[in-house]
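Listed below are the residues making up each chain.
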Amino acid sequence: QVQLHESGGGLVQAGDSLRLSCAASGRTFSSCAMGWFRQAPGQGREFVAAIRWSGTRAYYADSVKDRFTISSENPKTTVTLQMNSLNPEDTAVYYCAAAPYCGSVDITETYHYWGQGTQVTVSS
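Keep in mind that what you see is a predicted model, and the values were worked out from it rather than measured. (Residues numbered from 1 in each chain as written. Predicted model: local features only at pLDDT ≥ 70, side-chain atom pairs only at ≥ 80, totals over all residues. Heavy atoms only, no water.)

Attention shifts here to the pairing of strand β9 (residues 92-99). Burial of β9 is extensive: 7 of the 8 residues sit out of reach of the surface. In the sheet, strand β4 (residues 33-39) pairs with β9 via 7 bridges, with the strands oriented antiparallel. Paired with Q39 across the strands is V93, a residue of β9. By the bridge criterion, 3 bridges tie β9 to strand β11 (residues 118-123) in an arrangement that is antiparallel. Counted as the bridge partner of Y94 is T118 from β11. (Buried < 20%, exposed > 50% of the residue type's maximum accessible area, 1.4 Å probe, protein only. Helix = DSSP H or I, 4+ residues; strand = E, 2+ residues; numbered from the N terminus. Pairing = 2+ DSSP bridges.)

Printed below as a string of structure tokens:
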């Protein structure tokens, strides 16, 4: 069983920064890609950012491009999301996800493993 453990959420003010981390544990696991999605109250789960290990290429939603950075210190099993210039529209539960097989990184169907989610709240 693979488990994803997220950390780093919290309550911040507009303009502040937060850093989310995610680590995989459990049985031997090697992913094709890892990513972050978020879900605001009453909304669907939306893509935020992902990193595909082949070529170490990063992908971002337009709404976070130039503000958020996805990276990893231990490729294929950990991923970090640095979030800068946060605004109230970024308020959501953020989920880490891992895809054991390669596919479109911006859709939930690609990911087999999900974390429990961490709350990010940005006050104005």
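Continuing now.
The subject of this paragraph is the nonpolar core. Note that soluble globular proteins tend to have their nonpolar side chains buried in a common cluster. The biggest cluster of nonpolar side chains holds 36 residues, and the ones touching the most others in it are W36, L81, M83 and Y94. When contributions to this core are tallied by element, the ones reaching two or more residues are β1 (2-7), β3 (18-26), β4, β5 (46-52), β7 (68-71), β8 (78-83), β9 and β11. Ignoring sequence-local partners within four residues, the contact set of L81 consists of L18, R19, L20, W36, V48, A49, F68, T69, I70 and Y94. (Core = buried A, V, L, I, M, F, W, Y, C linked by side-chain atoms within 4.5 Å. Contact = heavy atoms within 4.5 Å.)

Note that P41 resides in the loop between β4 and β5. In this structure, the C-alpha to C-alpha distance between P41 and I107, residues 66 residues apart in sequence, is 19 Å.

Taken as a whole and assessed by the stated rule, the structure comprises 4 salt bridges. One salt bridge in this structure joins R38 and E46, with 2.6 Å as the shortest N-O distance. The exposure class assigned to E46 is partly exposed, which follows from its relative accessible area of 37%. A salt bridge links R67 to D90; the nearest nitrogen and oxygen atoms lie 2.8 Å apart. Linking R67 in the loop between β6 (57-60) and β7 with D90 in the loop between β8 and β9, this pair joins segments that are 23 residues apart in sequence. Each of the two residues, R67 as well as D90, counts as buried. (Salt bridge = Lys/Arg side-chain N within 4 Å of Asp/Glu carboxyl O.)

Accessibility expressed as a relative area gives 16% for R67, which makes it buried. Side-chain polar atoms of R67 contact the backbone oxygen of S63, separated by 2.9 Å. In contact with R67, other than residues within four places in its own chain, are Q82, M83, N84, S85, L86, N87 and D90. (Polar contact = N/O pair within 3.5 Å; in protein donor to acceptor, adjacent residues only side chain to side chain.)

Another aspect to go through is unusual backbone geometry. Residues other than glycine seldom take positive phi values, yet D66 does so here, at roughly 75 degrees. Classification of D66 as exposed rests on a relative accessible area of 80%. Unlike most non-glycine residues, S85 shows phi in positive territory, near 50 degrees. With respect to the helices, strands and loops of the structure, S85 is situated in the loop between β8 and β9. The exposure class of S85 is partly exposed, given its relative accessible area of 44%.

Moving on: the side chain of S31. Relative to the helices and strands, S31 resides in the loop between β3 and β4. Judged by relative accessible area, which is 4%, S31 ranks as buried. Polar contacts involving the side chain of S31 include one to the side chain of W53, which spans 2.8 Å. In this structure the side chain of S31 is engaged in a polar contact, spanning 2.9 Å, whose partner is the backbone oxygen of K76.

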